[in-house]
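Chain residues, written in single-letter form:
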Amino acid sequence: MSFRWLVCGFALGLGAVSALGTGAASAANKPSTRRQATPQQFSLKKRPVVALTFDDLPAAGGLLNDDSRTRILTTLAEELKANHLKGTYGFVNAVDLQDDPDVREALRAWVNAGMNIGNHTWSHPSLSDDSVQEYEHDIAEDEPYLRAYAGGRDWHWFRYPYLEEGNTLEKRNDVLSWLGERGYRVAQVTLNFEDDDWSDPYLRCVAKHDDAEIAWLKQSYLENAAEFIRLGREEQQIAFGHEVPNVLLLHATDFTTLMLPSLIHLLRQDGFRFAPLPKIEQNPVYAEEPKVAVPEGGPLQDEFLKAQHIASPPFQPEPVEQLNSTCR
Ligand SMILES: [Zn+2]
């Protein structure tokens, strides 16, 4: 039996979340003092639900010399179809489509396999670094490519790069209302384990034929996934008083493509069912806003916790140093 940490007295129902307003906004501008937590056991739902989503199409991460983007996205789409996950959304940065026929063919293969595409901006800027005008221009620049590749299907879903929704409340609100006027819905995320951080180490280890380190990468990827999925679900219980239907952020990298069958197996072992993104985001929690700027961004429930200066439950951090040093 494991005891986690639940912030005493701050398990917020949706009504409480809706009520976060200007008071919370002014509190957010003060230096962060995360509230004290008291030990509490979390009990996770037996049948959670999740939509898988993939960012940085059509060229996420590095590429081995003898590999192609078309091979990666074709394999990824086949694996999704084999798991009855047709219609999965991939979020596109069209900047990558400019000069490479393989990249263009890869995106065609994704859509032709029955997968969907959405907007991830043209060049993957951070809203914290850009002005609202620059950022909106970058989103609009992606649109002709989405229109051309989507084949009549709905591409009006937007995923914020780095999950950063603006370092001021004014920017956050401006971009959000601009997206709404343009017919977009925000493809929020609740689960994220930084899967793309395994991409470069994997390519290095393949180049070195280091099977022992590749085995460690596979094991640590799944351990990290399990840990951050648990964390996200526990944070939801603190932020909203209950778990919510989930959206998992993944990247269309070589390594995540390789690991997808194992990741799907892990999710099924946890009792997860799968559902399409538009269905998941019908849940009213996805219409909620923390109503403060959360400059560092993050998954939905994490933004609500940060807005209220509430600490997350403890977690095993990602093995960043080992990932950076392996197969050097
Ligand atoms: Zn991205």
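Use the structure listed above.
Here we summarise the structure given alongside this text. (Residues numbered from 1 in each chain as written. Predicted model: local features only at pLDDT ≥ 70, side-chain atom pairs only at ≥ 80, totals over all residues. Heavy atoms only, no water.)

### Here we look at the pattern of salt bridges
Here is step 1 of the chain: By the definition in use, this model includes 12 salt bridges.
Here is step 2 of the chain: A salt bridge links E165 to R172; its shortest N-O distance comes to 3.3 Å.
Here is step 3 of the chain: By relative accessible area, which is 3% here, E165 ends up buried. (Salt bridge = Lys/Arg side-chain N within 4 Å of Asp/Glu carboxyl O. Buried < 20%, exposed > 50% of the residue type's maximum accessible area, 1.4 Å probe, protein only.)

### Focus: the side chain of R204
Here is step 1 of the chain: In this structure, R204 sits in helix α7 (residues 199-207).
Here is step 2 of the chain: Put simply, R204 is tucked away with no salt bridge, and the nearest opposite charge, on D200, sits 5.5 Å away.
Here is step 3 of the chain: There is a polar contact of 2.9 Å between the side chain of R204 and the backbone oxygen of L323.
Here is step 4 of the chain: Of the polar contacts made by the side chain of R204, one reaches the backbone oxygen of T326; its length is 2.9 Å.
Here is step 5 of the chain: Among all residues touching R204, those that are not within four sequence positions of it are L323, N324, S325, T326, C327 and R328. (Helix = DSSP H or I, 4+ residues; strand = E, 2+ residues; numbered from the N terminus. Lys, Arg positive; Asp, Glu negative; His and termini not counted. Polar contact = N/O pair within 3.5 Å; in protein donor to acceptor, adjacent residues only side chain to side chain. Contact = heavy atoms within 4.5 Å.)

### Description of empty space enclosed by the protein
Here is step 1 of the chain: Here the structure, examined in full by the defined rule, presents 1 cavity of 30 Å³ or more.
Here is step 2 of the chain: Taken as a whole, the largest cavity spans an internal volume of roughly 30 Å³.
Here is step 3 of the chain: Every residue lining the largest cavity is listed: Y160, L163, E165, V186, A187, Q188, V189 and G298.
Here is step 4 of the chain: Its residues assigned to classes, the lining of the largest cavity shows 5 nonpolar, 2 polar and 1 charged. (1 Å grid on protein atoms, 1.4 Å probe; cavity = no way out; pocket = protein on both sides within 12 Å on 5 of 7 lines; lining within 4 Å. Points joined across faces, edges and corners; volume = space filled by probe spheres on them. Nonpolar A, V, L, I, M, F, W, Y, C, P; charged D, E, K, R; others polar.)

### Topic: the packing of helix α8 (residues 211-240) against helix α11 (residues 300-307)
Here is step 1 of the chain: At a minimum axis distance of 9 Å, the contact between α8 and α11 shows a crossing angle of 50°. It follows from the interaxial angle that α8 and α11 lie oblique. For the pair α8 and α11, the crossing hand works out as left-handed. Taken together, the residues of α11 that come into contact with α8 (itself represented by G232, E235, Q236, I238, A239 and F240) are L300, Q301, D302, F304 and L305.
Here is step 2 of the chain: Its residues assigned to classes, the contact of α8 with α11 shows 6 nonpolar, 3 polar and 2 charged. (Axes fitted to C-alpha atoms, helices over the stretch in contact; angles between N-to-C directions. Parallel < 35°, antiparallel > 145°, perpendicular 65-115°, else oblique. Left-handed = near helix turned anticlockwise from the far one by under 90°.)

### Some thoughts on the nonpolar core
Here is step 1 of the chain: With 66 residues, the main nonpolar core has L52, F54, W110 and L263 as its most contacted residues.
Here is step 2 of the chain: Residues within four places of L52 in sequence aside, it is in contact with L80, L85, T88, Y89, L248, L250, L260, I264, L267 and F274.
Here is step 3 of the chain: In terms of nonpolar packing, the next biggest core, distinct from the first, is built from 21 residues, V49, Y89, A187 and F304 among them. (Core = buried A, V, L, I, M, F, W, Y, C linked by side-chain atoms within 4.5 Å.)

### Looking at the pairing of strand β3 (residues 49-57)
Here is step 1 of the chain: Where burial is concerned, most of β3 is hidden: 9 out of the 9 residues are buried.
Here is step 2 of the chain: The pairing of β3 with strand β10 (residues 273-274) spans 2 bridges and is parallel. By the bridge assignment, V49 is partnered in β10 with R273.
Here is step 3 of the chain: Where β3 meets strand β9 (residues 246-251), 6 bridges bridge the pair, whose relative direction is parallel. Residue T53 lies in a different strand from β9, and its bridge partner there is L249.
Here is step 4 of the chain: Judged from the 3 bridges that link them, β3 and strand β4 (residues 89-92) form a sheet pairing that is parallel. (Pairing = 2+ DSSP bridges.)

### Quick word on the pairing of strand β5 (residues 116-119)
If a strand is regular, its side chains alternate between the two faces of the sheet.
Here is step 1 of the chain: Side chains N116 and G118 of β5 all project onto a buried face; the interleaved residues I117 and N119 project onto the opposite face, where all are buried too.
Here is step 2 of the chain: Sheet topology note: the β4/β5 ladder contains 4 bridges and is parallel. Its bridge partner lying in β5, Y89 is registered against N116.
Here is step 3 of the chain: Once the chain exits β4 it traverses helix α4 (residues 101-112) before rejoining the sheet at β5, and the crossover so formed is right-handed. (Right-handed = clockwise from strand over helix to strand, strands pointing away.)

### A few points about the packing of aromatic side chains
Here is step 1 of the chain: One pass over the structure, following the stated rule, counts 14 aromatic pairs.
Here is step 2 of the chain: Arranged with centres 5.8 Å apart and planes meeting at 90°, the rings of W198 and Y221 form a pair that is edge-to-face. Of the two residues, W198 is situated in the loop between β8 (191-192) and α7 and Y221 in helix α8; the sequence distance between them amounts to 23 residues.
Here is step 3 of the chain: The buried category is assigned to W198, whose relative accessible area is 0%.
Here is step 4 of the chain: Taking the centre distance of 5.3 Å and the plane angle of 90° together, the rings of Y221 and F255 count as edge-to-face. With Y221 in helix α8 and F255 in helix α9 (residues 254-269), the pair connects residues that are 34 residues apart, well separated along the chain. For the pair shown, Y221 and F255 are each scored as buried.
Here is step 5 of the chain: Through a chain of ring-to-ring contacts, three or more aromatic side chains come together here, namely Y135, W155, F158, Y160 and Y184.
Here is step 6 of the chain: Here R159 stacks its cationic end above the ring of F91, 4.6 Å away from the centre of that ring. (Phe/Tyr/Trp six-rings, centres within 6.5 Å; stacked < 30°, edge-to-face > 60°. Lys NZ or Arg CZ within 6 Å of the ring centre and 35° of its normal.)

### Topic: a positive patch on the surface
Here is step 1 of the chain: Together, K45, R47, R273 and K279 give the surface a local cluster of positive charge.
Here is step 2 of the chain: Within the element layout of this structure, R47 appears in the loop between β2 (38-40) and β3.
Here is step 3 of the chain: Accessibility expressed as a relative area gives 47% for R47, which makes it partly exposed. (Patch = residues over 30% accessible without salt bridge, like charges linked within 9 Å, V, L, I, M, F, W, Y side chains within 5 Å. Areas by Shrake-Rupley, 256 points an atom, 1.4 Å probe, with all protein chains shown as cover. Charge placed at Lys NZ, Arg CZ, Asp CG, Glu CD.)

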